[in-house]
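# Fold and contact review
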Amino acid sequence: MKNTFWNPDREALKRKDLESLQYELLIDTLKRSLYSPFYREKFSSYGIDISDIKDLSDLQKLPFTTKQDLRDWYPYGFLTVSKDQLVRLHVSSGTTGQATAIFYTQRDIETWAELMARCLYMTGARPGDVFQNMTGYGLFTGGLGFHYGAEKLGLLTIPSGAGNSKRQIQLMRDFCTTVIHIIPSYALRLMEIFSELGLDPKKELHLRIAYLGAEPYSEEVRQRVQDFYGVKVYNSYGLSEMNGPGVAFECEFQQGMHVWEDAFIVEVIDPDTLEPLPDGEVGELVLTTISREGMPLIRYRTKDLTRIIPGDCPCGRCHKRIDRIQGRSDDMFIIKGVNIFPIQVEQVLMSIPEVGTNYRIVLKKEKNIDQMIVQVEVTDKVFIEDMRHLQRLQKKIVHELKSEILVTPIVELVEPNKLPRQAGKAQRLFDLRKEG
Ligand code: COA
Ligand code: AMP
Ligand code: ZN
């Protein structure tokens, strides 16, 4: 097994050499993409000839790819290889019409693991470390993405997954966990549980590194987690469409996340005009995969808002850094590390005959537990029924929402016409989490 994941021929290139490498990989990717039904049709309708892409700046001549394209061509429309070459599939939550599917060949899994191992190595994790991976396995990419990278690097990896807090703490104590991967909201939640148990992680545990990602969080949260657990926190960014985690990661200097530019070409655009923005300006992050075999994505609009941090990083890596994610240019929200579109909630509610036309989603943080409250107006007829009927309906809505969005909401049934109505476009989402 390789024991170093610092590769100066990839990570410390001169910009000119990095760009020649990117161009070469981009042309390979474009040629490969023509095997996919989506890009074949898209490029032909835009009259795109790959031989016109003479240098990296010509990337801007190519059309964007969106999540809606992934939905419209679900499940196989982006494949560039035959199905027998695929070894993995991750699917987002959502019913038909909303879900997206991402496929990986064996080589894609290896490249992903290599990039993840590079992230972990960059932040000082080494064989001998005990790594507890506390994010969702299964269809979430966070669990398996980190898992394969950690094993490749040679860390003793505990696939503890999400939840089950007392067991998480027991594992940390019994096996002297030194490195954790944890969703920020869960890191805060777990603090409460440590306090309830009267345990001080700084005294009782051996933690030294924590990777936090999958949802937005502030510098203040980083500081709280660092102080409480006695760890150094590194920000980790990724999205399932780009493999999962391992797209951008902080180095020891914690001054923005290096995007692995030998695997992804990074652009930031104005989400309204779709024009590229100069380094330093906040806009929407657009990524092009240049190392993916089974399902390349070209100029993918992530909808995540950030900026490229101008200047060089003191660590010596040449790969550009992006700032902490500052929000989204669409209405997706994330709770407990799970992505949700309000339309998913609406579709579930509107399929239930007893539900009226008005509803609200309120996100709150109480005692460090994130809560999603769905207030639903029911029809006149239901409200005069007995209590048992209302309870059954409430349970049914919880159950149907959970199976669509994966988190358990609190559902409150409300009398018809009792929820406030606004003039113009109804505001459905009220995110009060920052207010405590
Ligand atoms: N990550 C991990 N565990 C979490 C969590 C989070 N973000 N938020 C809550 N939990 C814990 C809770 O503390 C609880 O454990 P405990 O009772 O032993 O303390 C347990 O998960 C269930 O919590 P609950 O609030 O009832 O869960 P839910 O039904 O609303 O949500 C989860 C279910 C937690 C399993 C789901 O939110 C999840 O899997 N989150 C992780 C998603 C993820 O890994 N994303 C990464 C994407 S790459
Ligand atoms: P998923 O496809 O489920 O892995 O979710 C990806 C999305 O999670 C991204 O598009 C971001 O919106 C969000 N995300 C991932 N990592 C971070 C991070 N470090 N900070 C803020 N948001 C993040
Ligand atoms: Zn750096």
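These numbers were taken from a predicted model, which means no experiment stands behind them.

Cut-offs used in this document
Residues numbered from 1 in each chain as written. Chains lettered and ligands numbered in written order. Predicted model: local features only at pLDDT ≥ 70, side-chain atom pairs only at ≥ 80, totals over all residues. Heavy atoms only, no water. Donors = N, O, S within 2.8 Å, 3.2 Å for Na, K, Ca; no water. Tetrahedral: all angles 85-135°; square planar, octahedral: opposite > 155°, others 65-115°. Near = heavy atom within 4 Å. Polar contact = N/O pair within 3.5 Å; in protein donor to acceptor, adjacent residues only side chain to side chain. Nonpolar A, V, L, I, M, F, W, Y, C, P; charged D, E, K, R; others polar. Core = buried A, V, L, I, M, F, W, Y, C linked by side-chain atoms within 4.5 Å. Buried < 20%, exposed > 50% of the residue type's maximum accessible area, 1.4 Å probe, protein only. Helix = DSSP H or I, 4+ residues; strand = E, 2+ residues; numbered from the N terminus. Contact = heavy atoms within 4.5 Å. Domains from an automatic or database assignment. Buried area = accessible area lost by both parts, 1.4 Å probe. Salt bridge = Lys/Arg side-chain N within 4 Å of Asp/Glu carboxyl O. Phe/Tyr/Trp six-rings, centres within 6.5 Å; stacked < 30°, edge-to-face > 60°. Lys NZ or Arg CZ within 6 Å of the ring centre and 35° of its normal.

## Concerning the coordination of the zinc ion (ligand 3)
Tetrahedral coordination by four donors puts the ideal angle at the metal at 109.5 degrees, and octahedral coordination by six puts it at 90 or 180 degrees. Note on the zinc ion (ligand 3): its protein donors are Cys251 (SG), His258 (NE2), Cys313 (SG) and Cys315 (SG). The metal-donor distances range over 2.1 to 2.3 Å. Here the zinc ion (ligand 3) binds four donor atoms, and the angle range of 102 to 116 degrees at the metal identifies the geometry as tetrahedral.

## Digging into the site of ligand 2
Around ligand 2 sit 18 residues, and of these Asn235, Ser236, Ser240, Asp304 and Asn339 come closest. One of the side-chain N or O atoms of Asn235 is found 2.8 Å from a nitrogen atom in ligand 2. Within the side chain of Ser240, a nitrogen or oxygen atom sits 2.8 Å from an oxygen atom of ligand 2. Looking at the shell around ligand 2 residue by residue, the classes come out as seven nonpolar, seven polar and four charged.

## Observations regarding the nonpolar core
Among the nonpolar cores identified, the biggest contains 73 residues, and Leu30, Leu120, Tyr211, Tyr237, Phe249, Leu287 and Ile322 are the most heavily contacted of them. Among the elements that take part in this core, helix H5 (residues 106–122) stands out by supplying nine residues, more than any other. Every residue in contact with Leu30, bar those within four places of it in the chain, is listed here: Phe43, Ile50, Ile53, Leu62 and Ile298. Grouped together as the second largest cluster of nonpolar side chains are 25 residues, Val345, Leu363, Leu393 and Ile397 included.

## A short note on the domain arrangement of the chain
Each domain of the chain was delimited in the assignment, giving domain 1 (1–329) and domain 2 (333–435). Just the C-alpha atoms count here: the centres of domain 1 and domain 2 sit 31 Å apart. At the boundary of domain 1 with domain 2, total buried surface from both sides reaches about 1300 Å², with 51% on carbon and sulfur atoms. Considering only the surface of domain 1 that becomes buried against domain 2, Ser93, Gln98 and Phe140 emerge as the three largest contributors, covering 31% of it. For the interface between domain 1 and domain 2, the tally reads zero salt bridges. Between the two partners, domain 1 and domain 2, sit three residue pairs in polar contact (both at pLDDT 80 or more). Looking at the side of domain 1 that touches domain 2, the elements that each hand over two or more residues are helix H4 (67–72) and helix H8 (184–196). The dominant element in the side of domain 1 that touches domain 2, judged by the number of residues it contributes, is H8, at four residues.

## Quick look at the packing of aromatic side chains
A complete count under the given rule lists 15 aromatic pairs for this structure. Ring centres of Phe38 and Phe78 lie 4.3 Å apart, and the angle between their planes is 25 degrees; on these two criteria the pair is classed as stacked. Separated by 40 residues along the polypeptide, Phe38 in helix H3 (residues 37–45) and Phe78 in the loop between H4 and strand E1 (86–91) bring together distant segments of the chain. The class for Phe38 is buried, based on a relative accessible area of 3%. Joined through ring pairs, the aromatic side chains of Phe38, Tyr39, Phe43, Trp73 and Phe78 make up one cluster. Of note, Arg88 hangs over the ring of Tyr148, and the distance from its end group to the ring centre comes to 5.1 Å. Of note, Arg126 hangs over the ring of Tyr121, and the distance from its end group to the ring centre comes to 3.6 Å.

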